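# Understanding the architecture of this molecule
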Amino acid sequence: MELYKLSAIGLRNIFFKKNISAKEIVKYFINRIEKKDEKLKSIISLLKNRAEKKADILDKKISKNEPLGKLAGIPIIVKDNINIKNEITTCGSKFLKNYRSLFDASVIKFLDEEDAIIIAKSNLDEFAMGSSNEHSAFFKTCNPWNLKCVPGGSSGGSAAAVAARLSPISIGSDTGGSIRQPAAFCGIVGFKPTYGRVSRYGLVAFASSLDQIGPMATNVMDMALTMEVLENRCFKDSTNLRLPFENYTSNLLESLEGLKIGVPWDIFKNVDQNIYNNFKNSIEVLKSLKAEIISVELNILKYSTNVYYILSPAEAATNLARFDGIKYGVRSKGKTLDDIYDLSRDEGFGEEVKRRIMLGTFILSSGFKYYQKAQKVRTLIIRDFEETFKKCDLIALPTTPSSAFKIDSIKDPVTMYLQDSFTIPANMAGLPAISVPSGFDEQRKPLGIQFMGPQLHDALVIKAGYAFEREVKYSFMIPPIFDEE
Ligand code: GLN
């Protein structure tokens, strides 16, 4: 049976009907990873024993007709900056190459409770800092649509794996776009929930006021189902909102009638022509679904990336201070304590992480003038969004300013930082945002459209994504070289 072609829900349903056992599902997907990931390089560790044990439990449960969870029998790949007890959590860094987690992140507990089968951990830019997966300390993941190109980042491993159908669902984290940008580059769906909706307990922190865990899937419905599991309440994360449970999978819209979608046309000045044309076509699709399209200003968006590169390195420098060679991971040999700190950091961290730590340390030691100013601009961004959402229900933007670029083609860090100009604003204001496949450029590389909504309106954002996906159907396309057993 060609299991790779099934959606997560499709796979779960044949498991429920006892047409296939959990053991067979695990065998099939582990085998697929072993065979296909040689080209793709999206996986850091394969959790074969863990997955087989879980499959045994599920097969016993089903044979006794015991109740099964929402994600029963669905293989899931998790970004390697999320802790799974007794498994290695590298964060894509040499520093943690042998670090074994002592506890489960809350999202892992939630996935387990709903009977998902976690089968592997995926590659990422070191400590989630990057937009291409080229900053992983281990290897560079390729884009399944074009192996010479990057899959995006930092959740590039999670995106590439799902696009190549190594699992139907994966989990990523998004600080400035790390779920949505790789989702767009790889032609899959990625969702960053409202800040605080999903627990961050057990996610290795990059910039705590921006980080958010979210699901990645081949289609919106599977993603929505995963959200229903991830958003469980958590008392171990003080920023967790502990909201009433949403039902993301029912009442999904097929028409967008009555919905006002704002487009900040001004930001298109320096955008690649392919992106602009594709976005304009997507707007026509939204109109055909009866959405009302209005122009909005949002001039403040142009400062988002600048503000992000003040606040996020400041938070990162603080968060990464715990990696000192004593508490976690690698300890280098040194004569004095200071030597141990210095050498461990020097040998453990890669270039990009060092750059961010230096930048953040500079920002925090120059008398708060940059940090405070950036916080003020962040408040203006939040207010501007609030004003804009008085005029429209959602905002639409392309997810990325270009399609996937060639591996090793961007050498300059600032050019790389600009990759996230369209995704960072949602993190700045804590907004929910989805990226849905919107077609291809001239070289057959995928593109994505992004819908952002007001805080807590995650369900509306998902509904819009669903209606768009049903109309265009790009989510259901499989990269040709991976469209075989
Ligand atoms: N690419 C952005 C950065 O390098 C965002 C990363 C992320 O969302 N984790 O910081």
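To be clear, the structure that these remarks concern was listed above.
Residues numbered from 1 in each chain as written. Predicted model: local features only at pLDDT ≥ 70, side-chain atom pairs only at ≥ 80, totals over all residues. Heavy atoms only, no water.

The topology assignment puts Val461 in helix H15 (residues 458–472). Overall, Val461 belongs to the buried group, its relative accessible area being 0%. The spatial distance from the C-alpha of Val461 to the C-alpha of Ile434 is 6.7 Å, given a sequence separation of 27 residues. If sequence neighbours within four positions are ignored, Val461 has contacts with Phe191, Leu394, Pro432, Ala433, Ile434, Phe451, Met452 and Gly453. (Helix = DSSP H or I, 4+ residues; strand = E, 2+ residues; numbered from the N terminus. Buried < 20%, exposed > 50% of the residue type's maximum accessible area, 1.4 Å probe, protein only. Contact = heavy atoms within 4.5 Å.)

Counting 108 residues, the largest nonpolar core has Leu111, Phe127, Phe385 and Phe451 as the members making the most contacts within it. Counting 38 residues, the second-largest nonpolar core is a separate cluster that includes Tyr4, Ile14, Ile119 and Ala164. (Core = buried A, V, L, I, M, F, W, Y, C linked by side-chain atoms within 4.5 Å.)

Okay, the site of the ligand next. Around the ligand, a shell composed of 15 residues is seen, among which Gly176, Ser178, Tyr308, Arg356 and Asp420 lie nearest. Between the ligand and Thr175 there is a distance of 2.8 Å, counted from an oxygen atom to a backbone nitrogen or oxygen. At 2.6 Å from an oxygen atom of the ligand is found a side-chain nitrogen or oxygen belonging to Ser178. Given that more than half its atoms are within 2 Å of the pocket grid, the ligand belongs to the largest cavity. A per-class count over the shell around the ligand returns five nonpolar, seven polar and three charged. (Near = heavy atom within 4 Å. Polar contact = N/O pair within 3.5 Å; in protein donor to acceptor, adjacent residues only side chain to side chain. 1 Å grid on protein atoms, 1.4 Å probe; cavity = no way out; pocket = protein on both sides within 12 Å on 5 of 7 lines; lining within 4 Å. Sits in = over half its atoms within 2 Å of the grid points. Nonpolar A, V, L, I, M, F, W, Y, C, P; charged D, E, K, R; others polar.)

To continue, consider the layout of surface pockets. Approximately 480 Å³ is the volume attributed to the largest pocket. Looking at the largest pocket, it is lined by 18 residues, and the ones nearest its centre are Ile267, Asn270, Lys302, Ser421 and Phe422. The class makeup of the residues in the lining of the largest pocket is nine nonpolar, five polar and four charged. Taken as a whole, the second largest pocket holds about 380 Å³ of empty space. Forming the boundary of the second largest pocket are 23 residues, of which Glu134, His135, Glu351, Glu352 and Arg355 lie nearest the centre. Looking at the lining of the second largest pocket, the elements with two or more residues in it are helix H11 (351–365) and helix H13 (413–417). (Points joined across faces, edges and corners; volume = space filled by probe spheres on them.)

Attention now goes to the packing of helix H2 (residues 22–40) against helix H3 (residues 48–63). In contact at an axis separation of 8 Å, H2 and H3 are set at 160° when each is read in the N-to-C sense. What the angle tells us is that H2 and H3 run roughly antiparallel. Relative to H3, the crossing made by H2 is right-handed. The residues of H3 that touch H2, namely those facing Ala22, Lys23, Val26, Ile30 and Glu34, are Lys48, Ala51, Glu52, Ala55, Leu58 and Asp59. Residues belonging to the contact of H2 with H3 are distributed by class as follows: six nonpolar, no polar and five charged. (Axes fitted to C-alpha atoms, helices over the stretch in contact; angles between N-to-C directions. Parallel < 35°, antiparallel > 145°, perpendicular 65-115°, else oblique. Left-handed = near helix turned anticlockwise from the far one by under 90°.)

Right, let's get into empty space enclosed by the protein. Taken as a whole and assessed by the stated rule, the structure comprises four cavities of 30 Å³ or more. Taken as a whole, the largest cavity spans an internal volume of roughly 70 Å³. As for the largest cavity, its lining consists of 14 residues, and the residues nearest its centre are Ala128, Gly130, Ser178, Tyr308 and Asp420. Of the residues in the lining of the largest cavity, the class split is four nonpolar, eight polar and two charged. Space inside the second largest cavity adds up to approximately 50 Å³.

Counted by the stated rule, this structure contains 22 aromatic pairs. On the basis of an interplanar angle of 50° and a centroid distance of 5.3 Å, the ring pair of Phe103 and Tyr201 is categorised as tilted. Within this pair, whereas Phe103 is found in the loop between strand E2 (75–79) and helix H4 (106–113), its partner Tyr201 is found in the loop between strand E5 (189–192) and strand E6 (212–217), the two being separated by 98 residues in sequence. Residue classification places Phe103 among the partly exposed positions, given a relative accessible area of 28%. With relative accessibility at 27%, the residue Tyr201 sits in the partly exposed group. (Phe/Tyr/Trp six-rings, centres within 6.5 Å; stacked < 30°, edge-to-face > 60°.)

Within the secondary structure, Asp222 is located in helix H7 (residues 220–230). Apart from the residues within four sequence positions on either side, Asp222 is in contact with Ser7, Ala8, Ile9, Ile169 and Ala217.

Pairing in this open sheet of 11 strands is mixed, and the strands run E1-E3-E2-E4-E6-E5-E10-E11-E9-E7-E8 from one edge to the other. At either margin of the open sheet sits one strand with a lone partner, and together these are strand E1 (43–46) and strand E8 (292–295). Adjacent strand axes in the sheet meet at a mean angle of 30°, parallel and antiparallel pairs treated alike. Bridging between strand E7 (residues 260–263) and E8 involves four bridges; their strand directions are parallel. Along E8, the bridge assignment pairs Lys260 with Glu292. Sheet contacts for helix H5 (residues 156–163): E1, E2, strand E3 (117–122), strand E4 (169–174) and E6; angle to E4, the most-contacted strand, approximately 155°. (Pairing = 2+ DSSP bridges.)

Counted by the stated rule, this structure contains zero disulfides. Just so you know, Cys234 is unpaired, no disulfide at all, and the nearest cysteine sulfur is the one on Cys91, 18 Å from it. (Disulfide = S-S within 2.5 Å.)

It is worth spelling out the pattern of salt bridges at this point. In the structure shown here, the tally under the stated rule is 23 salt bridges. Where Asp112 meets Arg50, a salt bridge forms, and the shortest distance between an N and an O atom there is 3.2 Å. You can see Asp112 sitting in helix H4 and its partner Arg50 sitting in helix H3, a full 62 residues away along the chain. Here the two residues Asp112 and Arg50 agree in accessibility, since each one is buried. As a salt-bridge pair, Asp408 and Lys140 come within 2.7 Å of each other at their nearest N and O atoms. Within this pair, whereas Asp408 is found in the loop between strand E9 (394–398) and H13, its partner Lys140 is found in the loop between E3 and H5, the two being separated by 268 residues in sequence. (Salt bridge = Lys/Arg side-chain N within 4 Å of Asp/Glu carboxyl O.)

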